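Summary of the model geometry
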Amino acid sequence: MADPTDSDSTSKLEGIVIPTELLPSDGRFGSGPSKVRPQAVAALAAAADAYLGTSHRQATVKNTVARLRHGLRDFFGLPEGYEVLLGNGGATAFWDAMVFGLIERRSQHFVFGEFSSKCAQAATAAPHLGDPGSSDRNPAPIRNPSLTRTSICTRSRTTRPRPGSPCLFAGRRRRDSPSSTEPRPLQVCVDPHNYDVYYFAPQKGFASDGGMWIALCSPAAVERIQRIAASDRYVPASLDLKVALDNSVKDQTYNTPGLATIFLMLEQLEWMLRNGGLGWSSGRCDRSAEILYGWADSSKVAVPFVMDPAQRSHVVGTIDFGDRVDAAALATVLRSNGIVDTEPYRKLGRNQLRIAMYPAIDPDDIEALTRSIDHVVEALA
Ligand SMILES: *Cc1c(COP(=O)(O)O)cnc(C)c1O
């Protein structure tokens, strides 16, 4: 088996050429930062002279933030009283903001993977909070139950633990519900009645760049933010959700945001809204997932890592390879042919590829990717 760290075998691998007609039109399959649509970049370039390098306190940028906040209300069907908050520092900074500004005494965490465990760690480390309860939700059908979940791309139902309870419920973008008679997966978990705070970063499903967090907050969450802010708890200003709330309702951020990030996210959001919104976007991911898992299911060398089809993510797929194929070598060849970021999640250490299927990624390109993989597997044999 080729060792991709060995320079001789690397140059040999890089000599394998995938025929142009097999290649996807866009070779970006990373899970974040993820593919940014070239049309969005072109729109940014066209608007750049009047937009980039201008004040985030003036109408040009504030109108863009306003459109983004309105678009998100639309896309997620937010009822009256919900607020769209945004701030700097990515989803990671939001965990710390949550520790200061949303958790009153103690929290309970469902750990699905690397990121949710980091979120739980942030709450555990906070000296002003009680020890959180934490429950590991690694499901039995996963091949190796000790492995974490976001990293391996499963999906699970996220609804309020106790409807009507005074607890706030915070969640991140997840998917659920395999039956076609039920609402689409993404629509179940993003039903605003099922969460108080729903947060994400723009470099994943919204095909933008990193550096920001966005949080959709229910009236109960807004009330909680205000109540904690009125207490005598010390809160650093850059992590203060009341400061974020006061700025967000004025369509601005506390400190300077990435203007390109905001613009690219709005481009992607409005593109998805024009095409049919959440239902359309979710359907596109379903189509990509059908192609990827369908190919792996019928392949002689590959198999979906998550065995139960109902638990497979439709936004990021993980594919295991048998002993005869070295996935690292495969990823090296793909990369040298312009197909990038299919390497597995680093901490997982599996002989697998990880492939994003976000709405920006064309299902036809997922198909082309599977053809390209087949070609490389044959060339490596
Ligand atoms: C990407 C990701 C994060 C981290 O986001 P940053 O913007 O890099 O801080 C956190 N949680 C989940 C579930 C993610 O997918």
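Below is a summary of the structure that appears in this document.

Conventions and cut-offs
- The residue count restarts for each chain, going from 1 along the sequence in the order it is written.
- Reporting of local features is limited, given that this is a predicted model, to residues whose pLDDT is at least 70; pairs of side-chain atoms are given and counted only at 80 or more, and all residues count toward the totals for whole chains, interfaces and linings.
- As a rule here, side-chain values cover all heavy atoms of the structure and leave hydrogens and water aside.
- Accessible area is worked out with a 1.4 Å probe on protein chains only. A residue is then buried under 20% of its type maximum, exposed over 50%, and partly exposed in between.
- To qualify as a helix, a DSSP run of H or I must reach at least 4 residues; to qualify as a strand, a run of E must reach at least 2; elements of each kind are numbered from the N terminus.
- The arc in question is the one traced by the directions running from the helix axis out to the C-beta atoms.
- Should any heavy atoms of two residues lie within 4.5 Å, those residues are considered in contact.
- By convention in these notes, a salt bridge is any Lys or Arg side-chain nitrogen within 4 Å of a carboxyl oxygen on Asp or Glu.
- Two strands are said to pair when DSSP picks up at least two bridges between them.
- An axis is simply a line fitted to the C-alpha atoms; with a helix, the fit covers only the stretch in contact. Between two such axes, the angle follows the N-to-C directions and lies from 0 to 180 degrees.
- Between the first and last residue of a helix there are one fewer steps than residues, each counted as 1.5 Å, and that sum is the expected span.
- Left-handed is the label given to a crossing in which the near helix is rotated counterclockwise from the far helix by less than a right angle, and right-handed is the label when the rotation is clockwise.
- Residue classes follow a fixed rule: Ala, Val, Leu, Ile, Met, Phe, Trp, Tyr, Cys and Pro count as nonpolar, while Asp, Glu, Lys and Arg count as charged, and any other residue, Gly among them, counts as polar.

1. Let's talk about helix α1 (residues 7–14)
Buried within α1 we find Ser9, Thr10 and Leu13. Viewed end-on, α1 has its buried residues packed into an arc of 105 degrees, placing them on one side of the element. Across from the buried face of α1, at angles greater than 90 degrees, the exposed residues are Ser7, Asp8 and Lys12. Among the structural elements, α11 (327–336) and α12 (363–380) are those in contact with the buried residues of α1.

2. Structural notes on the pattern of salt bridges
Within this structure, the stated rule accounts for 14 salt bridges. Measuring nitrogen to oxygen at the nearest pair gives 3.7 Å for the salt bridge that ties Glu104 to Arg224. A residue pair is termed long-range when its members are at least 10 positions apart, and Glu104 in the loop between α4 (90–101) and β2 (108–111) and Arg224 in helix α7 (residues 219–230) qualify at 120 residues. Overall, Arg224 belongs to the buried group, its relative accessible area being 11%. In this structure, a network of salt bridges that share partners links the residues Glu104, Glu223, Arg224 and Arg227.

3. Looking at the sheet that holds strand β9 (residues 352–356)
On the basis of which strands lie adjacent, the open sheet formed by 3 strands has the order β7-β8-β9 and antiparallel pairing. Both outer strands of the open sheet, β7 (302–304) and β9, are each paired with one neighbouring strand and no more. The sheet shows a mean angle of 30 degrees between the axes of neighbouring strands, taken without regard to direction. The pairing of strand β8 (residues 316–321) with β9 spans 5 bridges and is classified as antiparallel. Bridge pairing in β9 places Gly317 opposite Ile355. Running at roughly 45 degrees to β9, α11 makes contact with β8 and β9 of the sheet.

4. Description of helix α9 (residues 259–275)
A rise of 1.5 Å per residue sets the reference length of α9, with its 17 residues, at 24 Å; its end C-alpha atoms lie 25 Å apart and thus fit the reference within 8%. Along α9, the positions that sit buried rather than exposed are Leu259, Thr261, Ile262, Phe263, Leu264, Met265, Leu266, Gln268, Leu269, Trp271 and Met272. Close packing links the buried residues of α9 with α2 (38–51), α3 (59–76), β5 (197–200), β6 (212–217) and α10 (277–298). Remark: Gly276 follows α9 within two positions and exhibits a positive phi of approximately 130 degrees.

5. Description of the packing of α4 against helix α5 (residues 114–125)
Where α4 meets α5, the axes come as close as 9 Å, and the angle between the chain directions of the two elements is 35 degrees. Read as a crossing pair, α4 and α5 show a hand that is right-handed. Between α4 and α5, the contacting residues are Trp95, Asp96, Met98 and Val99 on the first element and Phe115, Lys118, Cys119, Ala122 and Ala123 on the second. Considering only residue class, the contact of α4 with α5 consists of 7 nonpolar, no polar and 2 charged.

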